[in-house]
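Given next are the chains, with one letter for each unit.
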Amino acid sequence: MTGQGQSPHDGLTDREREIARAYANGDNYHRIAERLHIAPSTVRTHLAAIYRKLGVSSKIELHKVLEGSPPVRHARDDTAALVSELALSLEESVSRERALGEVLRIISRSDGDVDKVIAAVLGYALELCDAEFGLLLEYSSQDGFRARYSRGIPAPFAHWFADQGAFHPGPQTGIGRLAATREVVNIADVCAEEIYRRGDPLRDATVELGGARSFTAIPMLAGERLIGAFTIYRQRLRPFDAKSLELARMFADQSVIAIENARLVSEARARA
């Protein structure tokens, strides 16, 4: 029972209190992580501990406890851990559905404004996949790849892509493998592959200018035609799991829809 003059959340650390208030007030993992200079996965780990300590099972309950309501205490630690994990997983599922719905809404109202759509898609992808930065590279068989859109990319890495313009990546790079196979490429540790030890301009820039460690690239296909690559990066060694890859595929598909819609709108206007 909470003693007189004691806050119901005094059991939290200073960092946990900061994260709890930010999350209860509407911030997502990614915004909290950016502000505190930590990984989104670390924010989630803190939130699981917060939910467990306070015995809450929703963001609404968390807000109430932070405003002074007494926390609910579970008799067993394993029960509290299970409740916290299920609660966060449910909230993440709701966030995914809302994000995909919002992207579809933006696409439907974009009137061919692909820049606005891709900015939203990349933002949601980074948030829901717990990634620090992302790129959308356009592709043509003649010119190769060109970095067209980015979100959160470190400035030196962005400048490197700008200097390259259109380029054909080496066959052993992640993008090169994607171009050859039209399959998802998921690299657990970009520093551990032979191509990095041997030296390759794109891989060297990815590690040394982008600070990336784990990476995935999703082919963007319009029918059988490769039109680009949707890539997201984590700056800590934390491979993308099946759930993250599924989300990345969804956002890559939405990007294809946006780009193809923009092409159709442009063609229709040219005929008018």
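Above this text sits the structure in question.
Presented here is a report on the structure given in the accompanying data block.

1. Let's talk about empty space enclosed by the protein
The probe, sized like a water molecule, is rolled over the atoms to show the empty space still left.
Then step 1. Summed over the entire model, instances satisfying the criterion amount to one cavity of 30 Å³ or more.
Then step 2. Put simply, the parts of the chain that give the lining of the largest cavity at least two residues each are helix H8 (174-181) and helix H10 (201-208).
Then step 3. Residue composition of the lining of the largest cavity, by class: nine nonpolar, three polar and two charged.

2. Topic: the pairing of strand S2 (residues 144-151)
Then step 1. The sheet contact formed by strand S1 (residues 133-140) and S2 spans seven bridges and is antiparallel. Among the inter-strand pairings, Tyr-139 is bridged to a residue of S2, identified as Phe-145.
Then step 2. Turn length for the S1-S2 hairpin, with the two strands adjacent in sequence and antiparallel, is three residues.

3. A closer look at the sheet that holds strand S5 (residues 225-234)
Strand pairing in a sheet is mediated by backbone hydrogen bonds. Such pairs are either parallel or antiparallel.
Then step 1. Judged by pairing direction, the sheet is antiparallel, and its five strands sit side by side in the order S2-S1-S5-S4-S3 without closing on themselves. Edge positions in the sheet fall to S2 and strand S3 (185-187), since each has one partner strand and no second. When the angles between neighbouring strand axes are averaged without regard to direction, this sheet yields 20°.
Then step 2. Bridge count between strand S4 (residues 214-222) and S5: nine bridges; the pairing is antiparallel. Residue pairing across strands places Met-220 opposite Gly-228, the latter belonging to S5.
Then step 3. Contacting S1, S2 and S5, helix H6 (residues 114-128) crosses the sheet at an angle of about 75° to S2.

4. Here's the deal with the pattern of salt bridges
Then step 1. Throughout the structure, instances matching the rule amount to ten salt bridges.
Then step 2. Overlapping salt bridges, with partners in common, bring together Asp-27, Arg-31 and Arg-35 in one network.

What counts, and where the lines are drawn
- Per chain, residue numbering runs from 1 following the sequence as it is written.
- This being a predicted model, a pLDDT of at least 70 is required before a residue's local features are given, and a value of 80 or more before pairs of side-chain atoms are given or counted; all residues contribute to the totals for chains, interfaces and linings.
- Here the side-chain values reflect all heavy atoms present in the structure, with hydrogen atoms and water set aside.
- Using protein atoms alone on a 1 Å grid, points that fit a 1.4 Å probe yet trap it form a cavity, whereas open point sets bounded by protein on both sides within 12 Å along at least five of seven lines form a pocket; residues with an atom within 4 Å of a point count as lining.
- Grid points are joined across faces, edges and corners, and a volume is the space filled by probe spheres set on the points.
- Segments assigned H or I by DSSP are reported as helices when at least four residues long, segments assigned E as strands when at least two residues long, and all are numbered from the N terminus.
- In this classification, Asp, Glu, Lys and Arg are treated as charged, Ala, Val, Leu, Ile, Met, Phe, Trp, Tyr, Cys and Pro as nonpolar, and every other residue, Gly included, as polar.
- Paired strands, as defined in this entry, are two strands with at least two bridges between them according to DSSP.
- Fitting a line to C-alpha atoms yields each axis, with helices limited to the stretch in contact; the angle taken between N-to-C directions then spans 0 to 180 degrees.
- In what follows, residue pairs with any heavy atoms lying within 4.5 Å of each other are defined as contacts.
- Within this document, salt bridges are pairs made up of a side-chain nitrogen of Lys or Arg and a carboxyl oxygen of Asp or Glu, the two lying within 4 Å of each other.

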